[in-house]
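What follows is each chain in one-letter form.
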Amino acid sequence: MNTTSDQGGNSSRRKFIRQSALLSAGTLLASATPFVAQGNASLRPLANVATRGYAARDKSGKLSPFTFERRPLGDNDVLIEIKYSGICHSDIHQMRGDWGPQPYPQVPGHEIAGVVTAVGKNVTKFRVGDQAGVGCMVDSCMTCESCTHGLEQHCDNGATLFTYGNPDKTSPTGITQGGYANNIVVRDHFAIKIPKSIRLEDAAPLLCAGITTYSPLMKANLKKGDKVGVAGIGGLGHLAIKLAVSKGAEVYAFTTSPEKVADIRSFGAKEVIVVDDVARLKPYRKTLDYMIATIPAQYDVAAYASCVKVDGTYTQVGMPVGFQLTISNIGLANDRVNFRASLIGGIPETQEVMDYCAANKIVPRIQVIKAGEINDAWQKVIDKQARYRYVIDAATI
């Protein structure tokens, strides 16, 4: 009896010691790192992922350091160490409440480029160490007709989850938090592969500015020699010029900034028109096969659209305050121009523009800044002083 009792006691003690050792190891790992990665596999994070970022606290739009947590890595997720994050005018509009009331604190940023540091057990698209990016959305229903046809931004069930400011039950903060940060956890389907042939800082702006202009330009079925107008030459507009030129188009660039003329010509534009008065548009009436406008403010749409030939297409991609754009119906009707608007592109097309730009050496004109310079950079974007995309070095966050 005593022998049996001693053996049972020793067995129980050994079990207790093993459990205690595992618990202690788990506690140590949780305090040291949120995950353990080896090769292409990683253990599920032991806790939420600690993150540093820059957030807006109110509609003043002033950003300041913000410590928060991402959700634990799921079976279908990747964890990306962010290296660079582009600044988009949309970031400014949203943080300042130009598009409606916002939840705060909120971390903006949807031009995210970095390196995969962990993957969920079901992930085959990425391996640890791969370059990867995240654009304007991080999830959708994945089952509707739009989602299954590569149009996740138009999810039929209204489940498109944009990269920042959207209600998100999986987020410890209750909303999606963007890329002005040092890491991000995202469903693998919504991460884009970034080829080694393009620098991460150059790749970042392609995830919004690139796809936003590439998608409508490709749908225009441009032919060599087509006359293409680009209105508004900033972060989006200068990429639109480069993309259109790469397809053999003759580009006519319309800008309100005379100091940009030399730059615009260097991007490949055939002609640059400084629009200090809409009367400057009259000589170009009915001369263009297609036109894309990136202007993010109220302007005379019909006057610009009059430059397009009868039955030609004019695409608006710039988003003004309140999402509202005043348009003269009679102005468009008189010239019988097809007006359309476009919102980014789906995941397959975003991968397409990334690969296309990497293969054809089409990169944005960027200025890399430190995180402490974000507020100054935002003001320069508003004042049209950006040349042409600010990119945050995430190592400085």
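Quick notes on the rules
Residues numbered from 1 in each chain as written. Predicted model: local features only at pLDDT ≥ 70, side-chain atom pairs only at ≥ 80, totals over all residues. Heavy atoms only, no water. 1 Å grid on protein atoms, 1.4 Å probe; cavity = no way out; pocket = protein on both sides within 12 Å on 5 of 7 lines; lining within 4 Å. Points joined across faces, edges and corners; volume = space filled by probe spheres on them. Nonpolar A, V, L, I, M, F, W, Y, C, P; charged D, E, K, R; others polar. Disulfide = S-S within 2.5 Å. Buried < 20%, exposed > 50% of the residue type's maximum accessible area, 1.4 Å probe, protein only. Pairing = 2+ DSSP bridges. Helix = DSSP H or I, 4+ residues; strand = E, 2+ residues; numbered from the N terminus. Right-handed = clockwise from strand over helix to strand, strands pointing away. Core = buried A, V, L, I, M, F, W, Y, C linked by side-chain atoms within 4.5 Å. Domains from an automatic or database assignment. Contact = heavy atoms within 4.5 Å. Axes fitted to C-alpha atoms, helices over the stretch in contact; angles between N-to-C directions.

This brings us to empty space enclosed by the protein. Enumeration over the complete set of coordinates arrives at two cavities of 30 Å³ or more. Considered as a void within the structure, the largest cavity measures approximately 70 Å³ in volume. Lining the largest cavity are G135, C136, M137, F190, I192, L207, I211, I344, G345, I347 and T350. For the lining of the largest cavity, the per-class residue count stands at eight nonpolar, three polar and no charged. Estimates place the volume of the second largest cavity at around 30 Å³. Around the second largest cavity, the lining residues are G61, K62, R96, N375, W378 and Q379. Among the residues making up the lining of the second largest cavity, the classes are represented as one nonpolar, three polar and two charged.

Turning our eyes to something else, we now look at the state of the cysteines. Scanning the model with the defined rule gives zero disulfides in all. Just so you know, C88 is unpaired, no disulfide at all, and the nearest cysteine sulfur is the one on C208, 3.9 Å from it. The exposure class of C88 is buried, given its relative accessible area of 3%. Among the cysteines around C155, which has no disulfide bond, C141 carries the closest sulfur, lying 3.6 Å off.

Bringing the pairing of strand β18 (residues 366-369) into the picture now. As paired elements, β18 and strand β19 (residues 389-393) share four bridges and run parallel to each other. Bridge assignment links I369 to a residue of β19, and that residue is I392. A crossover connection joins β18 to the parallel β19 through helix α11 (residues 374-382); in handedness this β-α-β unit is right-handed.

Moving on: the nonpolar core. One finds I80, I87, Y180, I241 and I374 to be the most contacted residues of the largest nonpolar core, which totals 90 residues. Of the domains in this structure, domain 1 (49-208 + 346-396) and domain 2 (210-341) are the two that each give at least three residues to this core. When residues no more than four places from it in sequence are discounted, the contact partners of I374 are Y54, L63, Y180, I369 and I392. The next biggest cluster of nonpolar side chains, apart from the first, holds 21 residues, and it includes Y252, A293, Y299 and Y304.

Turning our attention to helix α5 (residues 209-219). Because the α-helix completes a turn every 3.6 residues, residues three or four places apart line up on one side. In terms of burial, α5 is a largely internal element, nine of the eleven residues being buried. Among the residues of α5, A209, G210, I211, T212, T213, Y214, S215, P216 and L217 are the ones counted as buried. Turning to α5, the residues buried within the fold contact β12 (227-231), α6 (235-246), β15 (288-293), β16 (308-316), α10 (347-360) and β19. Downstream of α5 by one or two residues, N221 has phi in the positive range, about 50°.

This next bit is on the side chain of T350. Its location among the elements puts T350 in helix α10. Residue T350 is classed as buried on the basis of its relative accessible area, which comes to 6%. When near neighbours in sequence (up to four residues on either side) are disregarded, T350 contacts I192, L207, I211 and G345.

In this section: the sheet that holds strand β14 (residues 271-274). Either a parallel or an antiparallel arrangement is found when strands of a sheet pair, and the pairing is made through backbone hydrogen bonds. Reading across from one edge, β14-β13-β12-β15-β16-β17 is the order of the six strands in this open sheet, with parallel pairing throughout. Only two strands of the sheet have a single partner each, and these edge strands are β14 and β17 (338-341). Each strand of the sheet is rotated relative to its neighbour by a mean of 20°, with strand direction disregarded. Judged from the five bridges that link them, β12 and strand β13 (residues 250-255) form a sheet pairing that is parallel. Considered in β13, the bridge of K227 is made with E250. Packed on one face of the sheet, α5 meets β12, β15, β16 and β17 and runs near 160° to β15.

Glancing now at the environment of K223. Relative to the elements of secondary structure, K223 occurs in the loop between α5 and β12. Once the C-alpha coordinates of K223 and A244 are considered, the two residues, 21 residues apart in sequence, prove to be 9.7 Å apart. Apart from residues no more than four positions distant in its own chain, K223 is found in contact with K247 and G248.

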